[in-house]
Amino acid sequence: GEDVEQSLFLSVREGDSSVINCTYTDSSSTYLYWYKQEPGAGLQLLTYIFSNMDMKQDQRLTVLLNKKDKHLSLRIADTQTGDSAIYFCAERQDMRFGAGTRLTVKP
Amino acid sequence: ETGVTQTPRHLVMGMTNKKSLKCEQHLGHNAMYWYKQSAKKPLELMFVYSLEERVENNSVPSRFSPECPNSSHLFLHLHTLQPEDSALYLCASSQEGSGFGYGYTFGSGTRLTVV
């Protein structure tokens, strides 16, 4: 089957930028998503990007899409302790999720 | 609140019990989903209902039985579960149709512990 892969952990200092990476295999995906899950909660949609775009910016969040390499990234500028959570990427075709990247922000 | 409400938030049940998880969405979406999230595996899609008809079940054991009486409500009936079924069960909804890309809206989940 098609896969969505992410690294499992990322640790940054408060105020730094965080970059979470994701690779996917289904080239027919029309939309790709980033979700955030805080402890004890469900997944919250953060942002999405259409497959004919290569970048989308929304306040502190920047999504980059390299469709040729099937690589998606989420950059969080000025990372805060409240950004500590698990971040999932997902692709639309089958709504497959990656395993999630646990972001830890240190003061 | 996200517009998708799950009850109960926590559930402890014995292996011989029968219980049900409930999900309700107030977003006017036409598709609903059950996902299982455990420590050992990524999010696993269990069931998909689109326009109240089940379209996918991904070979889930028969001890899990979904029910979708209408487009706003989704249930997951549980019986004779195993300890390895302990997990966070997430409900989601979406509006399916060509060109719609807003993803899924998730509930907060039910934390199930099987003892």
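Residues numbered from 1 in each chain as written. Chains lettered and ligands numbered in written order. Predicted model: local features only at pLDDT ≥ 70, side-chain atom pairs only at ≥ 80, totals over all residues. Heavy atoms only, no water.

Caption draft 1: Representation of the overall build of chain A within the structure. Each helix and strand in chain A was counted, giving zero helices and 11 strands. If you list the helices and strands of chain A from N to C, you get β-β-β-β-β-β-β-β-β-β-β. Expected size for 107 residues packed as a compact globule is a radius of gyration near 13 Å; at 13 Å, chain A falls within 12% of this value. For the C-alpha atoms alone, the extent of chain A along its principal axes is close to 40 × 25 × 20 Å. Looking at chain A as a whole, 43% of its 107 residues are labelled buried. Surface summary for chain A: the accessible area is close to 5300 Å², and the carbon and sulfur share equals 46%. Charged side chains of chain A number 12 positive and 14 negative; the gap between the two group centres comes to 2 Å. (Helix = DSSP H or I, 4+ residues; strand = E, 2+ residues; numbered from the N terminus. Rg over C-alpha atoms; globule rule 2.2 N^0.38 Å. Buried < 20%, exposed > 50% of the residue type's maximum accessible area, 1.4 Å probe, protein only. Areas by Shrake-Rupley, 256 points an atom, 1.4 Å probe, with all protein chains shown as cover. Lys, Arg positive; Asp, Glu negative; His and termini not counted. Charge placed at Lys NZ, Arg CZ, Asp CG, Glu CD.)

Caption draft 2: Molecular detail of the state of the cysteines. Residues and elements named next belong to chain B. Taken as a whole and judged by the stated rule, the model has two disulfides over all chains. Paired through a disulfide, Cys 23 and Cys 91 show a sulfur-sulfur distance of 1.9 Å. Looking along the S-S bond of the Cys 23-Cys 91 disulfide, the torsion reads about -75°, which is the left-handed sense. Placement of the pair is Cys 23 in strand 3 (residues 18-25) and Cys 91 in strand 9 (residues 87-94), with a sequence separation of 68 residues. (Disulfide = S-S within 2.5 Å.)

Caption draft 3: Focus on the sheet that holds strand 6 (residues 55-58) of chain A. All names here are of chain A. The five strands are arranged 1-3-8-7-6 in an open sheet whose pairing can be described as antiparallel. Of all the strands in the sheet, just strand 1 (4-6) and strand 6 have a single pairing partner and so form its edges. Between one strand axis and the next, the sheet turns by 15° as a mean value, whatever way the strands run. Summarising the sheet, strand 3 (residues 18-24) and strand 8 (residues 71-76) pair through six bridges and their orientation is antiparallel. Looking at the pairing, Ser 18 lines up with Ile 76 of strand 8. (Pairing = 2+ DSSP bridges. Axes fitted to C-alpha atoms, helices over the stretch in contact; angles between N-to-C directions.)

Caption draft 4: Just the nonpolar core, in detail. Residue and element names in this part refer to chain B. Membership of the largest hydrophobic core comes to 22 residues, with the highest contact counts inside it found for Trp 34, Phe 64, Leu 76 and Leu 78. Within the residue set of this core, elements represented by two or more residues are strand 2 (10-13), strand 3, strand 4 (31-38), strand 5 (41-50), strand 7 (64-70), strand 8 (73-79), strand 9 and strand 11 (110-114). For Leu 78, the contacting residues outside a window of four places in its chain are Leu 11, Met 13, Asn 17, Lys 18, Lys 19, Leu 21, Arg 63, Phe 64 and Leu 112. Counting 20 residues, the second largest nonpolar core, distinct from the first, contains Leu 88, Leu 90, Ala 92 and Phe 106. (Core = buried A, V, L, I, M, F, W, Y, C linked by side-chain atoms within 4.5 Å. Contact = heavy atoms within 4.5 Å.)

Caption draft 5: Focus on the packing of aromatic side chains. Applying the stated criterion to the full structure yields 15 aromatic pairs over all chains. Ring geometry for Tyr35(B) against Phe106(B): centres 5.7 Å apart, planes inclined by 50°, an arrangement best described as tilted. One end of the pair, Tyr35(B), is in strand 4; the other, Phe106(B), is in strand 10 (residues 105-106), with 71 residues separating them in the sequence. The same class applies to Tyr35(B) as to Phe106(B), namely buried. The rings of Tyr31(A), Tyr33(A), Tyr35(A), Tyr48(A), Phe50(A), Phe88(A), Phe97(A), Tyr33(B), Tyr35(B), Tyr104(B) and Phe106(B) are connected pair by pair, giving a single aromatic cluster. Positioned over the ring face of Tyr48(A) is Lys56(A), at 3.9 Å from the centre of the ring. (Phe/Tyr/Trp six-rings, centres within 6.5 Å; stacked < 30°, edge-to-face > 60°. Lys NZ or Arg CZ within 6 Å of the ring centre and 35° of its normal.)

Caption draft 6: Geometry of the environment of Met53(A). Residue and element names in this part refer to chain A. Here Met 53 is to be found in the loop between strand 5 (43-50) and strand 6. With a relative accessible area of 31%, Met 53 lands in the partly exposed category. Once the C-alpha coordinates of Met 53 and Gly 40 are considered, the two residues, 13 residues apart in sequence, prove to be 33 Å apart.

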